[in-house]
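Structure assessment
Listed here are the chains, written in short residue letters.
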Amino acid sequence: MATSKVAFTLRKGDEPIGHTFHQLITPGGMITFHRPDFQAVLLLHLSSTSCRTHTAKRLKTYLYGQGSASKSESSLLPIHLHFQDGTTATCDLLIGADGVRSAVRATMLRDLATKAQSEGHTQEAQEALAGVDPVWSGLSMYRTIFPSQTLSQQLPGHRVLHDPMIYVGRNTQQITAYPISRGTGINFAATRSHWEQENTLFEGPWVQDVSRDELLHAFDRWEPEVVALFQSIEGLNRWAMHTVRPLRSYVSERVALIGDSAHAMLPYQGVGAGQAIEDAFLLATLLGHSVTTPATLSRALKVYDAVRRPFSQHVLETSRENGQLFTLNYPGLTFGTPQENRDAKKLQKLQDLCNRVRKNWEWCWLTTLDADLERAVKMLENGSQ
Ligand SMILES: Cc1cc2nc3c(=O)[nH]c(=O)nc-3n(C[C@H](O)[C@H](O)[C@H](O)COP(=O)(O)OP(=O)(O)OC[C@H]3O[C@@H](n4cnc5c(N)ncnc54)[C@H](O)[C@@H]3O)c2cc1C
């Protein structure tokens with residue numbers, strides 16, 4: 001077991017003088033990466049002889065099992081891919097890793113809905129169609145990265161220079177800030193939540209450049225160390241956070257969804273990309289197993305679905321609940337003057353809230369993918385799903 005470390009320090013920051021009320025301690029603490037650094041490592045290991053990448057292609061739709069099978073290779077009917085530039089391609093297996101607005105998911109679910117409807121399963125058809133488009137969570141996130149140096153000029157020794165912080169406060173707002181890239185940059189994300197609008201349609205672009213003033217206005221009268229973070233910001237985006245409703249299946253015949261296309265979730269456990277990587281690793285293991293042949297591809301995909309879907313949907317649900325907790329949606333938790341906010345009962349409620357956050361997150365350090373991987377391989381070898 002890794003040594004216990006502080007993953008996040010939680011602080012109430014919406015007062016003239018904030019107060020730290022909890023340290024979330026986990027085995028190993030938190031390890032942070034700047035996404036491009038991580039992607040660069042993956043790219044470095046991509047074989048140039050066995051992999052071909054086409055970075056300017058956008059899939060529009062696919063047609064399953066059209067045309068005639070090539071008898072010399074296998075009895076599989078090819079899957080036809082149609083791209084936005086008018087070009088086409090065929091494949092035996094299609095893995096949609098195309099994010100929250102996945103074209104693969106849209107095609108798969110529309111096909112499933114048509115089939116269900118033709119068999120008289122209207123509710124199943126409606127359920128499939130409900131998963132086609134992502135839904136707005138009711139949350140917006142202001143995001144940016146700025147140099148650590150700028151923050152230390154604003155407020156020398158600022159705790160975010162060395163400690164991952166979560167600042168919480170009134171109006172269901174929350175800020176997460178932590179050092180990345182070996183401490184040279186600060187990742188900043190501030191949430192403004194309207195939970196009552198969850199699962200509605202978001203009007204307008206999902207990502208927008210906004211001014212720092214908008215943020216200052218939304219987070220009015222927060223403590224000086226939070227203001228120092230705001231003052232360090234140069235460019236800022238506002239993201240409308242979208243998710244995918246829990247799907248009944250991540251696979252259909254020889255098509256599979258992985259990552260955000262299958263389970264885009266709220267980022268309040270910081271694990272969406274991690275879940276995508278775990279999907280890919282487990283699926284690759286099943287596809288690379290000696291019992292998997294072109295004829296048994298759909299069986300391998302069913303095992304992937306049986307093992308990964310319940311797990312990733314649990315993570316999706318607990319990420320949502322942690323989002324609610326970090327934005328102080330907790331029964332009986334209301335705030336008043338700074339003095340009232342130090343009331344023993346309120347502090348106890350904040351502790352209870354943190355215990356819930358930790359409980360939701362426990363899977364992260366109490367489970368490993370290895371056990372599921374072993375189970376999946378056994379299922380594949382035994383022919384069970
Ligand atoms: C505000 C915020 C903070 C987050 N913080 C964290 C965090 O701290 N840790 C973490 O693990 N996760 C975090 N996540 C989640 C993480 O970003 C996603 O879970 C992760 O990027 C999903 O990876 P993916 O490959 O499935 O999808 P994406 O990263 O969305 O990649 C999809 C790719 O498919 C391409 N594509 C899309 N449509 C098509 C098409 N039609 N044809 C061809 N290509 C297409 C896109 O261009 C893109 O390159 C956060 C998310 C948000 C919104």
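Before going into details, it helps to say that this report is about the structure given with it. Please read all numbers here as calculations on a predicted model, not as lab measurements.

**As for helix α8 (residues 272-288)**
Count 3.6 residues to each turn of an α-helix, and residues three or four apart come out pointing the same way. Between the first and last C-alpha of α8 there are 24 Å, a value that for 17 residues agrees with the 24 Å anticipated at 1.5 Å per step. Looking only at α8, the buried set comprises Q275, D279, L282, L283 and L286. Down the axis, α8 shows its buried residues gathered within 95° of arc, on one side only.

**Considering the site of the ligand**
Surveying the vicinity of the ligand reveals 20 residues, the closest of which are R35, L59, D260, G272 and A273. Side-chain polar atom of D260 to an oxygen atom of the ligand: 2.7 Å apart, as the coordinates give it. In this structure, A273 approaches the ligand through a main-chain N or O atom, which is 2.9 Å from an oxygen atom. Across the complex, the protein chains shield 66% of the 990 Å² of accessible surface that the ligand would expose by itself. Counting only elements with at least two residues in the shell around the ligand, the list comes to β7 (135-147) and α8. With three residues, the top contributor of residues to the shell around the ligand is α8. For the shell around the ligand, the class distribution of residues is nine nonpolar, five polar and six charged.

Conventions adopted
Residues numbered from 1 in each chain as written. Predicted model: local features only at pLDDT ≥ 70, side-chain atom pairs only at ≥ 80, totals over all residues. Heavy atoms only, no water. Helix = DSSP H or I, 4+ residues; strand = E, 2+ residues; numbered from the N terminus. Expected span 1.5 Å × (residues − 1). Buried < 20%, exposed > 50% of the residue type's maximum accessible area, 1.4 Å probe, protein only. Arc of directions from axis to C-beta. Near = heavy atom within 4 Å. Polar contact = N/O pair within 3.5 Å; in protein donor to acceptor, adjacent residues only side chain to side chain. Areas by Shrake-Rupley, 256 points an atom, 1.4 Å probe, with all protein chains shown as cover. Nonpolar A, V, L, I, M, F, W, Y, C, P; charged D, E, K, R; others polar.

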